[in-house]
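# Architecture at a glance
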Amino acid sequence: MRLLVTGASGQIGWELSRSLMPLGDLVALDRRQCAFSRPELLPTIIRDIKPDVVVNAAAYTAVDKAEREEKLAMTVNGTAVGVIAEESRKAGILLVHYSTDYVFDGVKQTPYTEEDVPNPINAYGRSKLAGDAAVRQAGGAYVVLRTSWVYAGRGHNFLSTILRLAGERDELRIVDDQIGAPTWARDIADVTAAIVRTVCRERAQGPFASGIFNLAASGATSWHGFAKAILEDATRIGLLQRVPQLKPIPSAEYPVAAARPKNSRLAGDRLSKRFGIVLPDWKQGLALCIEELGPRFRGDNIRARTT
């Protein structure tokens, strides 16, 4: 089996290279090699590689910047995804694509299911919803995995930001009225590999039912709760020499260009019933990620102090 991963340098894409490698011949391309900002180039790339599976982790993810670059966000997250989906359908390729909790407005009081009607409240959410629609309209064999609050031990994300700011400030003001499930990119990649393995077996045996599935860690917290857990775990293993005070604030006191949904919780029932997969509580993934990050984080600090 040949697998193509796009967006290979991103948080999920980097983890996918490790998780998918045991499944077959893996080709991992970053945005320099496979630019979603130029959708017209994508068909040739797919035809040259001839994959059996495409796992698309490429995306425009700068949520606030998308408010002034909505056309580019729509090209990357919508138009290009449609091109990939159409090429996959024509060639009989399985397409795995990632969506986001930001396709919802966040006004629902309970976790969102796959049947809930999307209603994005920012440009990023609109562009991702366009990609979801393009995949469904293209048809073929596809799995759309809708996830939330993704973080990893590398790249720019909430975890890395909190660890950096902890060494710079005495107080951190963190929003506490937005609720979601922080989801480790490693868990997303591992679940993706399990799903690809199952789907490829099913397709070899007969018809396959495509669909959208929520993929997020169990449990939920606020951004303030997430930050508190980060500082606690990092302190426990000796990553931090000082811990700033955390002050909970409402969203209104932290103005940003793009509105955020207040409720980003995603129900995982469909994923559990279809694939027998339930992600662990978000705190477990965070603890493992920080423990793995420890040696590298300490090494970076030592280099910073000696240069």
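Right, let's walk through the structure included here. (Residues numbered from 1 in each chain as written. Predicted model: local features only at pLDDT ≥ 70, side-chain atom pairs only at ≥ 80, totals over all residues. Heavy atoms only, no water.)

## Brief notes about the overall build of the protein chain
Per the secondary structure count, the protein chain includes nine helices and 12 strands. Taking 2.2 N^0.38 as the reference for a compact globule, 307 residues should give roughly 19 Å; the C-alpha atoms of the protein chain span a radius of gyration of 19 Å, in line with that estimate. Expressed along its principal axes, the backbone C-alpha trace of the protein chain runs to roughly 55 × 45 × 40 Å. Classification of the 307 residues of the protein chain by burial places 52% in the buried group. Taking the intrachain contacts of the protein chain between residues at least 6 apart in sequence as the baseline, contacts between residues at least 24 apart amount to 82%. For the protein chain, the exposed area adds up to about 14,000 Å²; of that, 51% sits on carbon and sulfur atoms. (Helix = DSSP H or I, 4+ residues; strand = E, 2+ residues; numbered from the N terminus. Rg over C-alpha atoms; globule rule 2.2 N^0.38 Å. Buried < 20%, exposed > 50% of the residue type's maximum accessible area, 1.4 Å probe, protein only. Contact = heavy atoms within 4.5 Å. Areas by Shrake-Rupley, 256 points an atom, 1.4 Å probe, with all protein chains shown as cover.)

## Considering the nonpolar core
Buried together is how nonpolar side chains tend to be arranged in soluble globular proteins. With 32 residues, the main nonpolar core has Phe158, Leu159, Ile162, Phe226, Ile230 and Leu286 as its most contacted residues. For this core, the secondary structure elements donating two or more residues are helix 5 (158-166), strand 7 (171-175), helix 7 (223-236) and helix 9 (282-305). Sort the elements by how many residues they give to this core and helix 7 lands first, with seven residues. Of all hydrophobic cores here, the second largest spans 31 residues; its members include Val199, Phe275, Ile277 and Leu279. (Core = buried A, V, L, I, M, F, W, Y, C linked by side-chain atoms within 4.5 Å.)

## Brief notes about the pairing of strand 4 (residues 94-100)
Every regular strand shows the same layout, with side chains that alternate between the two sheet faces. Of all seven residues that make up strand 4, seven are buried, and the element is covered over most of its length. Going residue by residue along strand 4, you find Leu94, Val96, Tyr98 and Thr100 tucked away on one face and Leu95, His97 and Ser99 tucked away on the opposite face as well. For the crossover that starts at strand 3 (residues 53-56), traverses helix 3 (residues 70-91) and ends in the parallel strand 4, the hand is right-handed. Bridge count between strand 4 and strand 5 (residues 142-147): six bridges; the pairing is parallel. Its bridge partner lying in strand 5, serine 99 is registered against arginine 146. The β-α-β motif built from strand 4, the intervening helix 4 (residues 123-138) and the parallel element strand 5 has right-handed crossover chirality. (Right-handed = clockwise from strand over helix to strand, strands pointing away. Pairing = 2+ DSSP bridges.)

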